[in-house]
Structure formats: structure tokens, C-alpha cells
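If you want the building blocks of each chain, they are given just below.
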Amino acid sequence: MARKPKIERFNENVLAKYQIYNSILFTLPFDTVTNTGVLLPLFKEVCEKGYDEHKNPTEIVEQFFSLYQDNPSQKERHDLLFRFIQYIERQVVLFDAIEDAAFPIVHNMDGRGTLRSIKEEAQAKGQLEALKEYLRRFKIRPTLTAHPTQFYPGTVLGIIHDLDDAVRQNDLLQIKKLLAQLGRTAFFKKEKPTPFDEAVSLIWYLENVFYHAASTIYNYIQQNIFEGEDLDNDLINLGFWPGGDRDGNPFVTTETTLKVAKRLRKTILINYYRDIRSLKRRITFGNLQDKIAVLESALYDNFYYAKTAEPLSVESLMNGLLEIKNELIKEHQSLFLEELQDVINKVKIFGFHFATLDIRQDSRIHHKVLTDIVEKTTAMGMDIFPKNYAQCSTNEQIDILSTVVGTLDPSIFEEDMTRATLESIYAIKTIQDKNGERAAHRYIISNNGSVLNVMETFALIRLCNWKFPTVDVIPLFETVPDLQVAHKVMESLYTNPVYAQHLKRRGMKQTIMLGFSDGTKDGGYLMANWGIFKAKEALTEISRKYDIKVVFFDGRGGPPARGGGNTNQFYASLGPTVEHEEIQLTVQGQTISSNFGTLDSCQYNLEQLLGAGVENELTNNEANLFSEENKNTMQELADISYRAYVDFKNHPKFLPYLEHMSTLKFYGKANIGSRPSKRSKSDTLDFGDLRAIPFVGSWSQLKQNVPGFYGVGTALKSYEDRKEFDKVIALFKESAFFRALIGNSMMSLTKSFFELTSYMKEDKEYGSFWDNIHDEYMLTKRLLFKLTGYSELMQNEPAGKASIDIRENIVLPLLTIQQYALRKIQEIQRSDTKDAQNLEIYEKMVTRSLFGNINASRNSA
């Protein structure tokens, strides 16, 4: 029987079920306000008609109360609007659960990019040996970060998980109970989570999802591609930032870092313990049960760093399992070998660390710390640095930093940041001793723009009693200027004798991180993506020149504006000029729950990452090379869009517009993450200090999504004006990279809704600025239609567009309430008599409205 089109599968298994279960949701009384569930659809209808008639949010809300309420008091109005927010939040949860439950039906789990498809395609083309050879060295590393875009508290995540199961079973009674539970469970966090809280939340995904999905993939590859042969490559590495990412987060301490590493170790040992107990129920013959019991006891005794327990190492656990395997094969006809091999493979993948805990800090902090160390040690007569170090030239300082070693005691320093930075390096050593080298061996330098930035960090590590550190120093290049000089920075490092020796000890491998989020914030959508692609080409060329294997670690967020969207398309289109033996990327916020939140979605998306690497390697990736003309077109498009974006960013109303007309300042009040929304503690808004997440998220809340399209239309129009649009069409047809860029920009446009804020064009201060944004939106939309031949946005992804449309429709009343509250706040602030009580209520209304909108968008920040 022919498989139905994806859009039909979506409509039958997601849309239809949502309509049924949503009707149940509306009948549930969550509070003392009666008929809320009846009134919300009426309010939604008023919103839809109101925007069609070009009414503003205030007029829409007032019209609703006029039509359906009998002269309500101000308190009654506020209460009902808060209840609407409560209902909409839960509608979003319901839709999430239904979409998650339908994932394996809507998506083709054996389709293009999946392991089965990869294997069959390789067999058909006679490339099976080439596939095996590539899989022996290729790896993927998704790294979970704690960046604050995950709005669901743990209790709600648990309900979503159970709701997912109930929807799959069509268990109406259980669904009704869970929806009632959802109605009474708080979404709002009264206090900010600590970094450890964030770590525990994300470890849930490691324990319940990645642990099983990664091993399923590994087992399939071993059994079906390598036909049972042992595979030395672990294929899937997991990275972890909560507890180790200190950049701009003063709440991450050394104690936190050690505590998170301990929790990771404990969690993976518990998972092994469960698996060993299950194995014990099956392997009940010979003396093997006794051998399994020994491993079971050892794991139990080692959940913590117990002083009384005999320390268990990953090597001794693996040896014990292999001994059982050999006997199982020799004496017992390999009975239950597959189940045993699954545990062996998990130990190979996850070790005793589960995920690698990365340490990250800003280069400017390192510079301040090193300056303090130079001054303090010189004053103490320690002779580590020359007395005139501060007056030395940059090259002289680099030479000095190449040779310094020592064993600094953090406690001798008065500056908190100096002590904390040194302690974090000593913590890496402690973690390696306890959990193995793989547990913590990466130090990331954010805001890296020079050789000096790297060598200062390298020197700090070597000053912690670590002359030959088992640590990879990873520079993170983020801004457009930094990306343009990245290859020169790395060549200087490759030719530095001391750093070159360090690389030899690290297997001639250098990891380099590239920041899509701050790159887009700094240079706009096209320039950031093209700038990173060009930087990768230049870094690949210079690394190959020195026989160094370069690995790129992409700092991606959820939306296209932060390097998100359909990322697999980018990795499949890199071509031979970019090194691609590993795919490393950050996975942030609600993208973790939306792309990796269930076993099905996690396995599918991990397979798609593997498939993207394989496709780039085994297909004729020469076809992904840019012709000279296409490269020139791409460069000019990037340059023009960059100038347009920089002019926009430098507009005198740019920051005031964000500060006064958006939800920017409310992100810090939402208590969704431990990290502050900007780097400095200053009360004034400075663009350089502004974090990419609240920046992109604020545009998303306005339904303007500027970072995902601004400058694209202007760049395309320059070709239209010169009657050279055929060059852009040729680029679109011939470059998979450019098609992926355009597809993701379309997603940003699809999630925009300018009717929501069209009232702003009448504003005396910001009207012309709003017009500027809207004009670029309309221009970009028109020219993308001309480029693609589409008549509507995302025409090639009808199921994806349908999902977005439903989600945007669910939150339309929520966004209306948000804008209504923002306008009320502006009214109060402009009035001579400040109404403090109502100001507080409306500010709370805006903050609460952030939750549902972010969660509905799934990749908005």
C-alpha cells in the first residue's frame, strides 16, 4: 500500500487529534473563573477578525470585553486575561505531546538520511566499503547547553512525556486526567534555576533519551553495516555545558562544575546498573550469573565516589563484560549475546562520564586574570613573568606565554575571578582523575580574536601544575572581523613551537568553534553564514597545510537567525573544501526537547546528522563546489546584506526600539535560566553586552524575526535592479548551501506576523523605524517568491508549514494580550501619575506571555 503524503499523515495524526483533545481541554475547570474555556475561542475569533480589519491589540481586547462581558471590573478583566494565558500555555503543551506522539508516523523513520536508507543507497552504488571506511573515523557530537530558552519546568516535562504515551495509546481517560493535572501544575518559576538545576534538567534527556537512542544507532551500524564486527570508533559523543560554561554566568562555580561531573558519573553508572540487572534475568546459566553479580555489586558500590567501595574503572567494567561475552560465545551458543553487546557498546560510547563537560570562559576575563597573576606573582618575587611584561609587544608576550609553567595556588589571589579561573582548571584535572580524560578535556575561549587570546589561556592551564596538559584549547570565533582573521590566528599557533608540540601530543587535531548566534547578531543572516563557510574553507586549507586535522564545532541556536532551522541540509552541502570528519554542534533550549525530546525524534535527528556527513562524503561532493561566478554572487549578496544590516543596526532608534517596544527587558524576569540576559551589570543597554538569545527572542516575540531575513531582500533587489537576477537563480539551482540558507530564511518569514504590531507605524518616535523593517520583510518575501517560483512561503515543506501555522494560530490570543499589556505599560510610563499597582500587573502579564510563545515556536531563541 502506498504511503500517504506527509501533509496527509500530519493532518490525520496531529491536526485531527489536536482538535479532538483540545475540545476536552476546554471543558476542564482549572480555576474559580467560570467559562474560561468557552470564552477563549471567542476571544481568538475576535483577534482574527480584528487583525483582518487592521485593529490594534488594545482595540481587539476592548472589543472582546464589550461583546462578551457585562461591564467587568478591571480586576475581572485582568483575571480573565491571565486565565487565557494559562489555557494557551496548556494548549501548546497538548500540541507538543500530540506532535511528539505522531513523530514516527509523520516522519519516514526509514527515509532519506536514516541508517537504513544510507546502507541501501551505499549497497546500490557499490559504496559499502567506502561507507564502512568513513564510519570508522566519522563522529557526531551534539552538545547540550543550558542557554535559557527552555521554559518548561521538570514537572511539566514529565506530564508531556506521559501525555505523549497516552496519546499514542488513544487513552482518553488518561489524557483527560493528565490535562486536568496540567491545568493545576505551575508553569512559572518563582526563582531562577541554579546552574546545577539546569544540569539536572538536561541530564534527564541523557538518561532517558540519548542513552537509548545513541546505543540503538550504534547497534544497528555494528550489526547491519559491519555485520557484527567490533567497531573501534564510538561514532556518537555527547557534550555538556551546564556547570562548565562560565561565560557571562557568575553563578557557575568550581563547586558546581565538580558537582555536575559527579552527577553525570552517578547517572551513567545507575543506567549501567539497570541494564546489568536486566541482563542477570536472562543470563542465568553456567557461572555467568555470578560474574554478572560481581559487576552489579561493583556498580552499586560506585554510584558515588564511595570511600569504602573498591574503585571501579571503565576498563575493569569493560573487561568483565568482555570476559562474559567470550564465555557466552564459547560455551552457550551466543544466547542473549545481542543484549550483552548492547551494554558493551553503551560503555564504549558513554564511559564513566556520560557526556564531556566543556569549560568555557570569555577571552577578556582571561586577559584580566592573567594581568592580575602577572602583577601578584611579580610582587611576590616568584619570577614567572619578567617585570616589564605589561610593556612588552604582543609578539614578545606570546613568546613569554609559550614558556611559562608553574603550580599556582588559587588561594593567594585576592580577585575572585582569578581564583575561580584557576580553580576551574584544577577542577578539570580532578574530573579526569575520577571520570576519565573524556569527562573533561575541552577549554573553550569565547570572543577569541587573536593569537594572544589563545596563548593567555594556554599559559593559565600550564600554570596549574600542568606542563603537558591533556586538554584541547578551543578558540571560539564569533564576530565578522574575528572570522575573517581566524585562519591567520591559527597559522600563527600552528607555527608556534610550544603549541605545535602540544598539538602533537593531542593527536594533531585542533577543534575550532564558530559562533552562528553572535555572528548573525553582529553581521546579519547572510554574512554570518557565508562568513563562517568561508572561514571554514580558509581554516581547512591552512590546517591541511600543516597536517593538522581540524574539527569544526558550530555554536548553533534554535532558529535560523542563530544557525538553527534545517541544519542537516548545511552539513550535507559543505563540499570537499571544508573538513568534515566530525559534526559538532550545540543544541539549545527548547530545541533539545523538540528535536531530541523523545526516543523517536532523538534517533531520527541523530541519524539525520550521521546521514548528512555520509552524504557529503560519499556523493559527488565536487558538485557542492562553488563555481567562480556563483562564489562571486554569494559574496556580493553577503556584502550588500551586511551593509544593509549594519546600517539598520546603527540606526539611532535600533536599541531604543528594542528596549521600549519589545519584550527584551522581560527576559531577565522570566526566571528561565541561571545566566543573566546580558554580560555586564550596567543599567544602560549596550549592544555588545546583549546576549544573542534575548536579542533574537525579542524579535520573535514581536513576530518580526529581523535577524533571520534583514538584508536578504535588499541584497536580492540589487541584482533585480541591475537585471542580473538570473545569476541569483543560477546560484539557487546549483548550490545546496544557498538553497538551505534561503529555506531557513523562509522559515523566519513564515513565523512573522506584522499585523500584530502595525499600530507602531503610527508612533511618532518609532513609526518610520517599523516601516523600515516591514518594507524589508515585504521586499524579501516578494523576491524569495521570484527566486524559488513559490506562491507561498515554505511551499516545499507543507507539513512543516502546517505545524508552524497551527502553533502561530494557538498563540495569536497570547501575543495579543502581550501587546495589549506592553501598550498599557507605555501609557502608564508616559502619564504624569504613575499607577504602580497596574504597572506591576501588566509587567507580570508580559512576562507570563513569554512562556507560551517561546514554547509554541519551538526554535524561536
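Shown above is the structure to which this text applies.
The following paragraphs examine the structure supplied in this document. (Residues numbered from 1 in each chain as written. Predicted model: local features only at pLDDT ≥ 70, side-chain atom pairs only at ≥ 80, totals over all residues. Heavy atoms only, no water.)

Right, let's talk about the overall build of the chain for a bit. Broken down by element type, the chain carries 34 helices and 9 strands. On C-alpha atoms alone, the chain measures out to a radius of gyration of 28 Å, which is about the 29 Å that the 2.2 N^0.38 rule sets for 861 residues. The dimensions of the chain, computed from C-alpha atoms along their principal axes, are 80 × 75 × 60 Å. Looking at the chain residue by residue over its 861 residues, the buried ones come to 61%. Across the chain, contacts joining residues at least 24 apart in sequence account for 81% of those joining residues at least 6 apart. Just so you have it, the chain exposes about 33,700 Å², and 49% of that area is on carbon and sulfur atoms. Side-chain charges in the chain split into 103 positive and 112 negative, and the spacing between the mean points of these groups amounts to 2 Å. (Helix = DSSP H or I, 4+ residues; strand = E, 2+ residues; numbered from the N terminus. Rg over C-alpha atoms; globule rule 2.2 N^0.38 Å. Buried < 20%, exposed > 50% of the residue type's maximum accessible area, 1.4 Å probe, protein only. Contact = heavy atoms within 4.5 Å. Areas by Shrake-Rupley, 256 points an atom, 1.4 Å probe, with all protein chains shown as cover. Lys, Arg positive; Asp, Glu negative; His and termini not counted. Charge placed at Lys NZ, Arg CZ, Asp CG, Glu CD.)

Let us look at unusual backbone geometry. Residue Leu235 is not a glycine yet carries a positive backbone phi of 65 degrees. Here Leu235 lies in the loop between helix H10 (195-225) and strand S2 (239-240). Residue Leu235 is classed as buried on the basis of its relative accessible area of 0%. The backbone of Phe354 shows a phi angle near 70 degrees, a positive value even though the residue is not glycine. Of note, Phe354 is situated in the loop between helix H14 (337-350) and strand S3 (356-357). Residue classification places Phe354 among the buried residues on the basis of a relative accessible area of 1%.

Scanning all chains against the criterion turns up 41 aromatic pairs. Aromatic side chains Phe64 and Tyr68 sit 5.6 Å apart centroid to centroid with 40 degrees between the ring planes, which places their arrangement in the tilted category. Of this pair, Phe64 and Tyr68 both sit in helix H3 (residues 57-68), 4 residues apart, which is roughly one turn of that helix. Plain terms: the ring middles of Phe654 and Phe695 are 6.2 Å apart, the flat faces sit at 50 degrees to each other, and that makes the pair tilted. Of this pair, Phe654 sits in helix H27 (residues 654-661) while Phe695 sits in helix H28 (residues 692-701), and the two are 41 residues apart along the sequence. Accessibility classification places Phe654 together with Phe695 in one group, the buried group. The ring of Tyr766 has Lys653 lying over it, and the distance from NZ or CZ to the ring centre is 5.9 Å. (Phe/Tyr/Trp six-rings, centres within 6.5 Å; stacked < 30°, edge-to-face > 60°. Lys NZ or Arg CZ within 6 Å of the ring centre and 35° of its normal.)

Once that is clear, we can look at the nonpolar core. Counting 265 residues, the largest nonpolar core has Phe240, Phe385 and Trp699 as the members making the most contacts within it. Excluding residues that lie within four positions of it along the chain, Trp699 makes contacts with Phe648, Phe654, Tyr657, Leu658, Gln704, Asn705, Val706, Pro707, Phe769 and Ile773. (Core = buried A, V, L, I, M, F, W, Y, C linked by side-chain atoms within 4.5 Å.)

Mapped onto the fold, Gln397 is located in helix H16 (residues 394-403). Here the side chain of Gln397 touches Tyr389 through a polar contact of 3.1 Å, landing on its backbone oxygen. Gln397 has contacts with Tyr389, Ala390, Cys392 and Leu452, leaving out every residue within four places of it along the chain. (Polar contact = N/O pair within 3.5 Å; in protein donor to acceptor, adjacent residues only side chain to side chain.)

Next up on the list: the pairing of strand S7 (residues 509-515). Counting buried positions along S7 gives 6 out of 7 residues, so the element sits mostly inside the fold. Relative to S7, strand S6 (residues 472-477) runs parallel, the two sharing 2 bridges. Note on S7: the bridge partner recorded for Phe477 is Leu514. Relative to strand S8 (residues 549-555), S7 runs parallel, the two being bridged by 7 bridges. Bridge pairing in S8 links Ile512 to Phe552. (Pairing = 2+ DSSP bridges.)

With that out of the way, let us pick up H3. A rise of 1.5 Å per residue sets the reference length of H3, with its 12 residues, at 16 Å; its end C-alpha atoms lie 17 Å apart and thus fit the reference within 8%. Buried within H3 we find Pro57, Thr58, Ile60, Val61, Phe64 and Phe65. Its buried side turned inward, H3 meets helix H2 (36-52), helix H4 (74-101) and helix H33 (798-830). Of the residues flanking the start of H3, the one acting as N-cap is Asn56, its side-chain oxygen 2.9 Å from the backbone nitrogen of Thr58. (Expected span 1.5 Å × (residues − 1).)

Packed helices, taken two at a time, are described by the angle between their axes plus the distance between the axes. As a packed pair, helix H11 (residues 254-282) and helix H12 (residues 288-301) sit with axes 9 Å apart at the nearest point and diverge in direction by 160 degrees. Considering their axes alone, H11 and H12 lie roughly antiparallel with respect to each other. The handedness of the crossing between H11 and H12 comes out as left-handed. Where H11 abuts H12, its residues Leu269, Tyr272, Tyr273, Ile276, Arg277, Leu279 and Lys280 lie against Gln289, Ile292, Ala293, Glu296, Leu299 and Tyr300. In the contact of H11 with H12, the residues fall into 9 nonpolar, 1 polar and 3 charged. (Axes fitted to C-alpha atoms, helices over the stretch in contact; angles between N-to-C directions. Parallel < 35°, antiparallel > 145°, perpendicular 65-115°, else oblique. Left-handed = near helix turned anticlockwise from the far one by under 90°. Nonpolar A, V, L, I, M, F, W, Y, C, P; charged D, E, K, R; others polar.)

Extensive coverage of strand S5 (residues 442-446) is indicated by the burial of 5 of its 5 residues. Because side chains alternate across S5, one face comprises the buried residues Arg442, Ile444 and Ser446, and the other comprises Tyr443 and Ile445, equally buried. Summarising the sheet, S5 and S6 pair through 4 bridges and their orientation is parallel. In the sheet register, Ile445 faces S6, and the bridge partner there is Pro475. Handedness of the crossover joining S5 and S6 through helix H18 (residues 451-462): right-handed. (Right-handed = clockwise from strand over helix to strand, strands pointing away.)

Take the sheet that holds S5 next. Here 9 strands make up an open sheet; going across it, the order is S3-S2-S1-S9-S8-S7-S6-S5-S4 and the pairing parallel. The open sheet is flanked by S3 and strand S4 (359-362), the only strands paired with a single partner. Along the sheet, helix H15 (residues 363-379) contacts S4 and S5; its crossing angle with S4, the most-contacted strand, is approximately 80 degrees. Taken strand by strand, helix H25 (residues 599-618) contacts strand S1 (139-144) and strand S9 (582-587), and its axis lies near 140 degrees from that of S1.

Right, let's talk about the pattern of salt bridges for a bit. In total, this model carries 55 salt bridges according to the counting rule given. As a salt-bridge pair, Lys125 and Glu121 come within 3.2 Å of each other at their nearest N and O atoms. Overall, Glu121 belongs to the partly exposed group, its relative accessible area being 32%. As a salt-bridge pair, Arg442 and Asp358 come within 2.8 Å of each other at their nearest N and O atoms. (Salt bridge = Lys/Arg side-chain N within 4 Å of Asp/Glu carboxyl O.)

Those residues of H27 lying buried are Phe654, Tyr657, Leu658 and Met661. End-on view of H27: buried residues confined to an arc of 105 degrees, all on one side of the axis. (Arc of directions from axis to C-beta.)

Tracing the chain through its elements places Leu258 in helix H11. Separated by 240 residues in sequence, Leu258 and Val498 have C-alpha atoms that sit 30 Å apart.

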